[in-house]
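Now for the letters of each chain:
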Amino acid sequence: MSVSQRLGTVVVLFLVAVGLILWSVNSFLTPGTPGGVVNFTSGHASGQPVNLTVQTVGSIGFGPHPTWVSYMTKDPTTGKFIHDNTWQLPAHTVVNVTVYQYDSGSPLRNQEWGQVQGTIGNTATLNGKPYSFYNSNTGNGVGHTFAIPAIGVSVPLVGVNGSLTLCGQAPCGTNNPHNVITFSFRTPGPGSYNWQCFVPCGLGYLYGNGGPMSTQNYMGGFLEVR
Ligand SMILES: [Cu+2]
């Protein structure tokens, strides 16, 4: 190999190394695409509640991260579940939430997350039965939580039996094992508020808090209150 060939190889290897470093720094710093906004304000009559239906899936099955856990939102116009988890909502309005929970669960690291908090009546229903606390050391544990920290909302989403064949391709249909959780909360005044899951459900990431837990539109999104 001539000197210029060797030099060429070194330069190429150097550029590849720089490229890899830039790529990993960039992917570490980029929180991901925020996802689209689902509009619940158009045609909303003042004083009427808003119905928000979501599903939580153990693996989304499509997109750049098909193995990641995710929320999906039911588009109020088309009735289809879509991967857009930022919601435009009217201010000072009751939101009736229905969660179709398709993921398995486990004991919570923090039992506080087993408490239903900040909802109307500090209560929720699990498959039709009211509950205000779920002991995640029993049954199938808790899969995810739904929380809006700014207004103190936190609801444990009880897991399904992990030994069953679970839905691995969103949107999931109700023929798959699931739990139905309902609760209501009141939106605050106009502003942007984040919602998120607090269960470290990012399997395979540091302490479970990376990947879908730290990427917008998987285990979190925003309420754009108007
Ligand atoms: Cu989660």
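The model shown is predicted, which means the values in this text are computed figures rather than measured ones.

Colleague: Explanation requested: the coordination of the copper ion in the structure shown.
Modeller: Each pair of donors in an ideal four-coordinate tetrahedral metal site encloses 109.5 degrees, whereas pairs in an ideal six-coordinate octahedral site enclose 90 or 180 degrees. Taken together, H144 (ND1), C197 (SG), C201 (SG) and M219 (SD) make up the protein donors of the copper ion, found 2.1 to 2.4 Å from the metal. Here the copper ion binds 4 donor atoms, and the angle range of 98 to 124 degrees at the metal identifies the geometry as tetrahedral. One chain supplies every donor for the copper ion, spaced along it as H-x52-C-x3-C-x17-M. Separated by 18 residues along the polypeptide, C201 in the loop between β12 (191-196) and β13 (220-225) and M219 in the loop between β12 and β13 bring together distant segments of the chain. Residue classification places C201 among the buried positions, given a relative accessible area of 12%. Its relative accessible area of 2% is what places M219 among the buried residues.

Colleague: Please explain unusual backbone geometry as it appears in this structure.
Modeller: Comment: phi is negative for the bulk of residues other than glycine, and the bulk of peptide bonds are trans. Going from A170 to P171, the amide bond is cis rather than trans, its omega being -5 degrees. Mapped onto the fold, P171 is located in the loop between β10 (153-158) and β11 (179-186). For N122, which is not glycine, the phi dihedral falls at a positive 50 degrees. Inspection of the secondary structure assignment puts N122 in the loop between β6 (94-101) and β7 (124-126). Positive phi is not limited to glycine here, since Y207 has a value of about 55 degrees. Counting through the fold element by element, Y207 comes out in the loop between β12 and β13. Under the relative-accessibility criterion, Y207 is labelled exposed at 62%.

Colleague: What am I meant to see in the state of the cysteines here?
Modeller: By definition, a disulfide links the sulfur atoms of two cysteines through a covalent bond. Tallied over the entire structure, the rule returns 1 disulfide. Linked covalently through their sulfurs, C167 and C172 form a disulfide whose S-S length is 2.0 Å. On the S-S bond that ties C167 to C172, the torsion sits near -85 degrees, and the link is left-handed. For C167, a relative accessible area of 8% gives the class buried.

Colleague: Would you take a moment to explain the side chain of T187 for this structure?
Modeller: With respect to the helices, strands and loops of the structure, T187 is situated in the loop between β11 and β12. Excluding its chain neighbours within four sequence positions, the residues that come into contact with T187 are L89, P90, A91, H92, T93, V95 and V225.

Colleague: For this particular structure, what's the right way to read the environment of G128?
Modeller: With respect to the element layout, G128 can be found in the loop between β7 and β8 (129-131). With relative accessibility at 62%, the residue G128 sits in the exposed group.

Each value, and the rule that gives it
Residues numbered from 1 in each chain as written. Predicted model: local features only at pLDDT ≥ 70, side-chain atom pairs only at ≥ 80, totals over all residues. Heavy atoms only, no water. Donors = N, O, S within 2.8 Å, 3.2 Å for Na, K, Ca; no water. Tetrahedral: all angles 85-135°; square planar, octahedral: opposite > 155°, others 65-115°. Helix = DSSP H or I, 4+ residues; strand = E, 2+ residues; numbered from the N terminus. Buried < 20%, exposed > 50% of the residue type's maximum accessible area, 1.4 Å probe, protein only. Disulfide = S-S within 2.5 Å. Contact = heavy atoms within 4.5 Å.

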